[in-house]
Amino acid sequence: MTNIYDTANQLERDLRTTEQYQTLEKTFTAMKADEVSYTVFKEFQSAQLEIQRMMSQGETPDETKMQEWQGIAAKLEEYPLVKDLMTQEQAMDTLMREINEIVTKPMADLYKQ
């Protein structure tokens, strides 16, 4: 019988060798090397995490918090390194969604019966 965790660990190692991951890693390193871009990125990430935390606790972020987050998100457009990182994240996210569809196929097939 296959040890599913060995397979999952191999998948994790294989993901690191994909073009999508390699490009994302290089893009992140380049963005991180630019202090201003990295600061704006961290600011966005912090605001996003705060909103996610609030929502996971059943709270609705107020209009001020949402405007703050949207303002930071809009500011990201001014930083090409951050924009490029977001594009590469989307490519990686697409790959992860495709893999998730494959991994969850047994359950999907089961419930189609």
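Everything below is about the structure printed above this text.
An account of the accompanying structure is given in this report. In this text, all values refer to a predicted model and were calculated from it rather than measured experimentally.

### Quick word on the overall build of the protein chain
Next, step 1: Summing up its helical and strand segments, the protein chain has 6 helices and 0 strands in all.
Next, step 2: Written out in order from the N terminus, the α and β elements of the protein chain read α-α-α-α-α-α.
Next, step 3: Radius of gyration (C-alpha) of the protein chain: 18 Å, far over the 13 Å computed for a compact globule of 113 residues.
Next, step 4: Among the 113 residues that make up the protein chain, the fraction classed as buried is 19%.

### Focus: the pattern of salt bridges
Should their charged atoms come close, side chains of opposite charge can pair.
Next, step 1: Summed over the entire model, instances satisfying the criterion amount to 6 salt bridges.
Next, step 2: Among the ionic pairs, glutamate 43 bridges to lysine 75, the shortest N-O distance being 3.6 Å. Note that glutamate 43 is positioned in helix H3 (residues 35–56) and lysine 75 in helix H4 (residues 63–76), a separation of 32 residues in sequence.
Next, step 3: Residue glutamate 43 is classed as partly exposed on the basis of its relative accessible area, which comes to 33%.

### Observations regarding the packing of aromatic side chains
Next, step 1: Across all of its chains, the model carries 4 aromatic pairs by this definition.
Next, step 2: Summarising the aromatic geometry, the rings of phenylalanine 28 and tyrosine 38 are spaced 6.3 Å apart at their centres and angled 75 degrees between planes, so their arrangement reads as edge-to-face. Of this pair, phenylalanine 28 sits in helix H2 (residues 19–33) while tyrosine 38 sits in helix H3, and the two are 10 residues apart along the sequence.
Next, step 3: A relative accessible area of 29% means that phenylalanine 28 is categorised as partly exposed.
Next, step 4: Here tyrosine 38 and phenylalanine 41 contribute two aromatic rings whose centre-to-centre distance is 6.4 Å and whose plane-to-plane angle is 25 degrees, an arrangement assigned as stacked. Of this pair, tyrosine 38 and phenylalanine 41 both sit in helix H3, separated by 3 residues, roughly a single helical turn.
Next, step 5: In textbook terms, an aromatic cluster arises when at least three aromatic residues are bridged by ring pairs, as seen for Phe28, Tyr38 and Phe41.

### Thoughts on the packing of H3 against helix H5 (residues 80–103)
Next, step 1: Between H3 and H5, whose axes approach to 9 Å, the crossing angle comes to 50 degrees. Judged on the interaxial angle alone, H5 and H3 are oblique. Of the residues in H5, those in contact with Ser37, Phe41 and Phe44 of H3 are Leu81, Val82, Leu85, Met86 and Glu89.
Next, step 2: Tallied by class, the residues present in the contact of H3 with H5 amount to 6 nonpolar, 1 polar and 1 charged.

### Topic: the side chain of threonine 27
Next, step 1: In this structure, threonine 27 sits in helix H2.
Next, step 2: Assessed through its relative accessible area of 9%, threonine 27 is described here as buried.
Next, step 3: In this structure threonine 27 touches Leu81, Asp84, Leu85 and Gln88, once residues within four positions along its chain are discounted.

### Points about the side chain of glutamine 88
Next, step 1: Its location among the elements puts glutamine 88 in helix H5.
Next, step 2: For glutamine 88, a relative accessible area of 16% translates into the label buried.
Next, step 3: With sequence-adjacent residues up to four places away left out, glutamine 88 is seen in contact with Thr23, Leu24 and Thr27.

Rules and cut-offs
Residues numbered from 1 in each chain as written. Predicted model: local features only at pLDDT ≥ 70, side-chain atom pairs only at ≥ 80, totals over all residues. Heavy atoms only, no water. Helix = DSSP H or I, 4+ residues; strand = E, 2+ residues; numbered from the N terminus. Rg over C-alpha atoms; globule rule 2.2 N^0.38 Å. Buried < 20%, exposed > 50% of the residue type's maximum accessible area, 1.4 Å probe, protein only. Salt bridge = Lys/Arg side-chain N within 4 Å of Asp/Glu carboxyl O. Phe/Tyr/Trp six-rings, centres within 6.5 Å; stacked < 30°, edge-to-face > 60°. Axes fitted to C-alpha atoms, helices over the stretch in contact; angles between N-to-C directions. Parallel < 35°, antiparallel > 145°, perpendicular 65-115°, else oblique. Contact = heavy atoms within 4.5 Å. Nonpolar A, V, L, I, M, F, W, Y, C, P; charged D, E, K, R; others polar.

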